[in-house]
Amino acid sequence: MSVKKVITRFAPSPTGFLHIGGARTALFNYYFAKSLDGEFHLRIEDTDKIRSTKEATDAIIEGLNWLGIPHDGEIIYQSANEKLHVKAAHKLLETEFAYKCYASSDELEALRKEALKTGKSFRSPYRDTKSTLKKPYTVRFRVPDGNTNIEDLVQGNINWNNANFDDFVLLRADGTPTYMLAVVVDDHNMNITHVIRGDDHLINAGRQAMIYNALGWTIPIWAHLSLIHGPDGKKLSKRHGALSVQEYKNMGYLPKGLKNYLLKLGWAHGDEELFFNESTITKIFSMDGVNSAPARLDFDKMDFINGQHIMKENDETLLSLLISTIDKQNKYQLNDILEKRLLNAMPSLKSRSKNIIDLTNQAEYLIITVPLQFTEKNKKIFQKNDAIKYLSALTSELKCLEELEWNNDNIQQVIKNYLELKNIGFGKVGQPVRMALTGGNPSPDLSLVLNYLGKTESLLRLQNIIDEYKDLIEE
Ligand code: GLU
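Residues numbered from 1 in each chain as written. Predicted model: local features only at pLDDT ≥ 70, side-chain atom pairs only at ≥ 80, totals over all residues. Heavy atoms only, no water.

The next point concerns the nonpolar core. Membership of the largest hydrophobic core comes to 54 residues, with the highest contact counts inside it found for Leu342, Leu349, Phe382 and Leu398. Excluding residues within four positions of it along the chain, Leu349 makes contact with Leu322, Leu342, Leu359, Gln362, Ala363 and Leu366. (Core = buried A, V, L, I, M, F, W, Y, C linked by side-chain atoms within 4.5 Å. Buried < 20%, exposed > 50% of the residue type's maximum accessible area, 1.4 Å probe, protein only. Contact = heavy atoms within 4.5 Å.)

Set out below in C-alpha cells:
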C-alpha cells in the first residue's frame with residue numbers, strides 16, 4: 001500500500017510583517033512535514049488586493065529566510081489561481097450548493113439587523129430564487145441543514161450545528177473570490193494533506209469542510225494551534241511590543257534561538273528538554289506533543305534558550321554578527337587588531353550573553369580607545385585612599401611580565417603575589433585597576449580583562465590613568 005506523501009503549507013496574507021505567531025505556525029508546518037519526509041510549501045494569500053503589499057510579501061519571505069524555514073518548490077501566489085477559484089464557484093452554482101444573491105447593500109444591512117434581532121444566522125431571501133436577474137450579485141454558499149464535524153489533531157473532535165453558519169460569500173460582486181473559497185481550492189490543488197494554522201481559523205474549518213464536501217473533495221487533516229498570548233495571559237497585541245520576527249532580530253536573538261523558543265511554545269517532548277538542535281527536531285517532532293491551551297510568551301525563557309544557542313555557536317559566526325551590530329551602532333571603528341581581540345575573547349563574551357545586543361555590550365570594554373571616558377562617580381574610584389598608588393605599583397609588576405608570558409595564569413599569579421606582599425585585599429587594587437581598564441563597562445574577571453586586552457593595551461590604559469592622577473602618587 002502506498003502511503004500518501006505529507007504536504008503542508010504556510011499561507012500568510014501579505015498585509016503586514018511576519019508575526020511571531022505566524023512564524024510559529026510556519027515552523028510547526030515545516031517540522032511536521034520534515035519529520036515525515038514530506039513537503040512544506042509557502043503560499044502567499046494575496047487575494048485582498050487593497051491590503052496586500054509587496055513590502056509585506058518581502059518581509060514574510062525575508063523573515064522565513066532569516067529564521068531558516070525553507071519551503072519546497074516555488075512560492076505560490078494565490079491571486080494567480082483566481083480562475084480556478086471562480087471555476088469552483090461556478091461548479092457550486094451548478095450543483096446548487098451555492099446561489100446568486102442579488103441583495104443590495106441597503107437590503108443586506110436590513111437583513112443583518114433582522115438576523116441580529118432574531119439571533120438566527122444570515123440566510124439571503126435570494127436563496128430560493130431560480131430566475132436570473134439583471135442585477136449585480138454575489139455568490140453565496142448555501143449552508144446545508146444538519147451538522148458539520150471535524151477531527152482536529154490539536155483541538156479534538158469539533159461539531160457545529162450548521163444553523164450557526166451564515167450563508168457566506170464565495171465570489172464578491174466584482175467576481176473576485178473570497179478567502180473562504182480560495183483556501184479550499186488551493187489546498188485541494190496543492191494536494192495539501194495537513195492544514196496546520198492558528199485556532200483563530202478553527203471556525204473557518206467548519207465552513208471550509210462544507211465546501212470540500214460540496215465539491216466532493218477529500219478534507220485535509222486539520223490541526224489548529226492555540227494562539228500565543230502575552231506574558232500577562234492576554235491575547236498578544238501591540239501593547240506587549242515585539243510582535244514581528246524582525247523585532248526579535250533587532251533585539252539580538254539568533255534565528256536558532258528564536259526558532260527553538262517558538263517550537264517549545266506549545267509543544268513538549270517528554271520531559272521539558274529546552275534545547276534542541278535542528279537535526280534532532282526533525283526526528284522527534286510530532287503533533288502529539290502540541291498543547292491545546294494558549295501558550296504564554298516568557299521572555300526569561302526565551303533569553304535562556306537563546307543564551308544556550310549563543311554559547312554553542314561558533315566564535316567566527318558570532319564575531320561577524322558582533323561586527324555588523326557594532327557597525328550599525330556606528331559608535332566604534334573596528335580594525336584588524338580589535339577584531340582579533342574580540343575573537344580571542346569570544347569564549348568569555350558568549351558565556352555572559354543572552355543575545356547579540358548583550359554580546360555587544362559585553363564587548364565594549366575591548367574596543368573603547370584611550371583616553372577612556374569616565375563618569376564623575378567612576379573618577380572618584382581613582383581618588384579614593386591609596387587607589388592610584390596601588391594601581392601604579394601593580395602596573396610596575398605587570399610590566400615585568402614578558403609579552404609571551406602574558407596569560408591568565410601568570411597574570412593571576414602577579415596579582416596574587418602583589419596582594420600578599422602588600423597584605424591588602426583584592427578590592428583595594430582590583431577596583432581602580434578594573435575601572436582604568438574597562439571605563440566601567442561590563443567585564444569578566446580582572447585577570448581575563450588583562451589577558452584579553454593584551455599587554456600593550458592594558459599597560460597603555462593603566463599608564464593613562466597614572467599620568468592623569470600622578471599628583472596623587474607624588475603627594
Ligand atoms: N491567509 C490566512 C491568514 O493569514 C491563513 C489561511 C489558512 O492558513 O488557512 O490568516
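That was the structure; now back to the text.
It is worth spelling out the site of the ligand at this point. In the neighbourhood of the ligand, the contacting residues comprise Arg9, Ala11, Pro12, Ser13, Glu45, Tyr179, Val183, Arg197 and His201. Within the side chain of Arg9, one N or O atom sits 2.7 Å away from an oxygen atom of the ligand. For the ligand, a nitrogen atom lies 2.8 Å from a polar atom in the backbone of Ala11. Notes on the ligand: free accessible area 300 Å², of which the protein chains cover 80%. Counting atoms within 2 Å of the grid points, the majority share of the ligand lands in the largest pocket. In terms of residue class, the shell around the ligand is made up of four nonpolar, two polar and three charged. (Near = heavy atom within 4 Å. Polar contact = N/O pair within 3.5 Å; in protein donor to acceptor, adjacent residues only side chain to side chain. Areas by Shrake-Rupley, 256 points an atom, 1.4 Å probe, with all protein chains shown as cover. 1 Å grid on protein atoms, 1.4 Å probe; cavity = no way out; pocket = protein on both sides within 12 Å on 5 of 7 lines; lining within 4 Å. Sits in = over half its atoms within 2 Å of the grid points. Nonpolar A, V, L, I, M, F, W, Y, C, P; charged D, E, K, R; others polar.)

Let us now look at the pairing of strand β5 (residues 138–141). Residues of β5 alternate between two faces, with Thr138 and Arg140 on one and Val139 and Phe141 on the opposite face, all of them buried. Of the strand pairs in this sheet, strand β4 (residues 98–101) and β5 are connected by four bridges, and their pairing is antiparallel. Paired with Tyr99 across the two strands is Arg140, which belongs to β5. Both β5 and strand β8 (residues 169–171) contribute to a ladder of two bridges, which runs antiparallel. Note on β8: the bridge partner recorded for Val139 is Leu171. (Helix = DSSP H or I, 4+ residues; strand = E, 2+ residues; numbered from the N terminus. Pairing = 2+ DSSP bridges.)

All right, on to helix α17 (residues 426–438) then. Helix length check: α17, at 13 residues, gives a terminal C-alpha distance of 17 Å against a target of 18 Å (1.5 Å per residue), a fit within 8%. Turning to α17, its buried residues number three or more, namely Val429, Gly430, Pro432, Val433, Met435, Ala436, Leu437 and Thr438. If you follow the buried residues of α17, they end up packed against α13 (356–367), α14 (376–383), α15 (387–399), α16 (408–422), α18 (446–453) and α19 (455–468). (Expected span 1.5 Å × (residues − 1).)

Within a sheet, neighbouring strands are paired by backbone hydrogen bonds and run either parallel or antiparallel to one another. The strand order across the open sheet formed by three strands is β1-β2-β3, and the pairing between neighbours is parallel. Since the sheet does not close on itself, it has two edges, and those belong to β1 (7–10) and β3 (76–77), each with one partner. Two strands pair when backbone bridges link them, and β1 and strand β2 (residues 39–44) are joined in this way by four bridges, in the parallel orientation. Residue pairing for β2: Phe10 is matched across the bridge by Leu42. Contacting β1, β2 and β3, helix α2 (residues 54–67) crosses the sheet at an angle of about 160° to β2. (Axes fitted to C-alpha atoms, helices over the stretch in contact; angles between N-to-C directions.)

This part covers the pattern of salt bridges. Pairing is possible between side chains of opposite charge, provided their charged atoms come close. Inspection of every chain in the model, using the stated rule, returns 22 salt bridges. When the shortest N-O distance is used, the salt bridge between Arg112 and Asp166 registers 3.9 Å. Note that Arg112 is positioned in helix α4 (residues 105–118) and Asp166 in the loop between β7 (156–161) and β8, a separation of 54 residues in sequence. (Salt bridge = Lys/Arg side-chain N within 4 Å of Asp/Glu carboxyl O.)

The next point concerns helix α6 (residues 202–215). End to end, α6 covers 20 Å across 14 residues, agreeing with the expected 20 Å (1.5 Å per residue, within 8%). The element α6 is extensively covered by neighbouring structure, given that 12 of its 14 residues are classed as buried. Every buried residue of α6 is listed here: Leu202, Asn204, Ala205, Gly206, Arg207, Gln208, Ala209, Met210, Ile211, Tyr212, Ala214 and Leu215. Directly beyond the C-terminal end of α6, a positive phi value near 75° is found at Gly216.

Next up on the list: the layout of surface pockets. Of the voids in this model, the largest pocket is the one considered here, and its volume is about 1100 Å³. Lining the largest pocket we find 37 residues, and of these Pro12, Ser13, Gly22, Asp200 and His201 sit closest to its centre. Where the lining of the largest pocket is concerned, the elements lending two or more residues are β1, α1 (20–35), α5 (179–189) and β9 (194–198). Each pocket or cavity is described by its volume, and for the second largest pocket that value is around 350 Å³. Considering the residues around the second largest pocket, the lining is formed by 17 residues, among which Lys249, Leu321, Thr325, Lys328 and Ile356 are closest to the centre. Where the lining of the second largest pocket is concerned, the elements lending two or more residues are α7 (245–250), α8 (255–264), α11 (315–329) and α13. No other element matches α11, which puts six residues into the lining of the second largest pocket. (Points joined across faces, edges and corners; volume = space filled by probe spheres on them.)

Read these as geometric descriptors, not functional statements.
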